[in-house]
Every structure is written in structure tokens, then in C-alpha cells.
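# Remarks on the overall topology
As a plain string of letters, each chain reads:
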Amino acid sequence: MSEGLRQLYKALDTIGKMHTSSIGAGNMEVLTSCPMCGGLETVVVNIDGFQAWKGGALIQDALPELDRDTRELLITGMHSECWDAMFAEQGDVNEAELMDDRPL
């Protein structure tokens, strides 16, 4: 994506939104704008997988080739660093405890 388009996208005050464009070969670029810092990030995804996710499929099923941080970027628009900073005040949380579905 051209630098001019990136600057235009940022200037349009689209924080927290995404823009998509087809790049051929069954792929598309997704440009996100972080709601915390306003930074732009481009992710290349499979069109069919992206459409399946937007149609209601779980993102990890629709786009299994993406790592967890990239999937979160698509869901919330947030960079992993901004996500970590937002929850830094919570202190260290054991991720295994968060995944434990047993009653307290």
C-alpha cells in the first residue's frame, strides 16, 4: 500500500476502523487503525477466510494461518503492544487461569 494512501487513511480520522482492498491470488490487504495509538497496520489475508469470519465464523477457524496477535489486531484493531499497555495496570495474569472454565 502506498505511503500516500496510508497518510490519507490516517487523515480521515478512521481510528478503530478497517479498510480492505483485493491484491489478487485470492488475497486481500486489510488496513487497520489502532484505537489506542492511531497507528496503521496492514495484514494480508485470504479473501474466503476473511469473508467467512465476517459472516460469523470464529476467526481462528476462518483464518488459522494468522497468529493470535494478528487475529486480535483484526478483531479489535489494537496492536499487541497497545493491548499489553492497556492491561498492564491489572498486574500479571496467569493466562492458564483465564482459560480455566471451572467454577470458582
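Please read all numbers here as calculations on a predicted model, not as lab measurements.

Assigned secondary structure in the chain consists of six helices and three strands. Secondary structure of the chain in N-to-C order comes out as α-β-β-β-α-α-α-α-α. Taking all 104 residues of the chain together, 29% fall into the buried category. Expressed as a percentage of contacts within the chain between residues at least 6 apart in sequence, the contacts between residues at least 24 apart total 32%. Taken as a whole, the chain presents about 7100 Å² of accessible surface, with 51% of it coming from carbon and sulfur.

Turning to the pairing of strand β2 (residues 27-33), a few remarks are in order. Put simply, side chains in a regular strand alternate between the two faces of the sheet. Across the seven residues of β2, six count as buried, placing the element largely inside the fold. Here β2 runs beside strand β3 (residues 40-46); their pairing, made up of seven bridges, is antiparallel. Looking at the pairing, Glu29 lines up with Val44 of β3. Taking the residues that link successive antiparallel strands as the turn, the β2-β3 hairpin has six residues, and the phi of Gly38 there is positive, at about 80°.

On to the confidence of the model for the chain. For the chain, the average pLDDT comes to 77, and 66% of its residues sit at 70 or higher. In this model residues 11-15 is a low-confidence stretch, pLDDT under 50, and it forms six contacts with partners more than four residues away in sequence or in other chains.

Where a protein is soluble and globular, its nonpolar side chains tend to be buried together. The biggest cluster of nonpolar side chains holds 13 residues, and the ones touching the most others in it are Val45, Leu63 and Leu74. Counting only elements with at least two residues in this core, the list comes to β2, β3, α2 (47-54), α3 (59-62) and α4 (68-76). Broken down by element, this core gets its largest block of residues, three residues, from α2. The contact partners of Val45, leaving out residues within four places of it in the chain, are Gly26, Asn27, Met28, Val30, Phe50, Leu63, Leu66 and Leu74.

With that out of the way, let us pick up the environment of Met86. Of note, Met86 is situated in helix α5 (residues 80-86). Placed 50 residues apart in sequence, Met86 and Met36 show a C-alpha to C-alpha distance of 8.6 Å. Dropping the residues within four chain positions of it, Met86 is found in contact with Met36 and Met78.

Conventions and cut-offs
Residues numbered from 1 in each chain as written. Predicted model: local features only at pLDDT ≥ 70, side-chain atom pairs only at ≥ 80, totals over all residues. Heavy atoms only, no water. Helix = DSSP H or I, 4+ residues; strand = E, 2+ residues; numbered from the N terminus. Buried < 20%, exposed > 50% of the residue type's maximum accessible area, 1.4 Å probe, protein only. Contact = heavy atoms within 4.5 Å. Areas by Shrake-Rupley, 256 points an atom, 1.4 Å probe, with all protein chains shown as cover. Pairing = 2+ DSSP bridges. pLDDT = per-residue confidence, 0-100. Core = buried A, V, L, I, M, F, W, Y, C linked by side-chain atoms within 4.5 Å.

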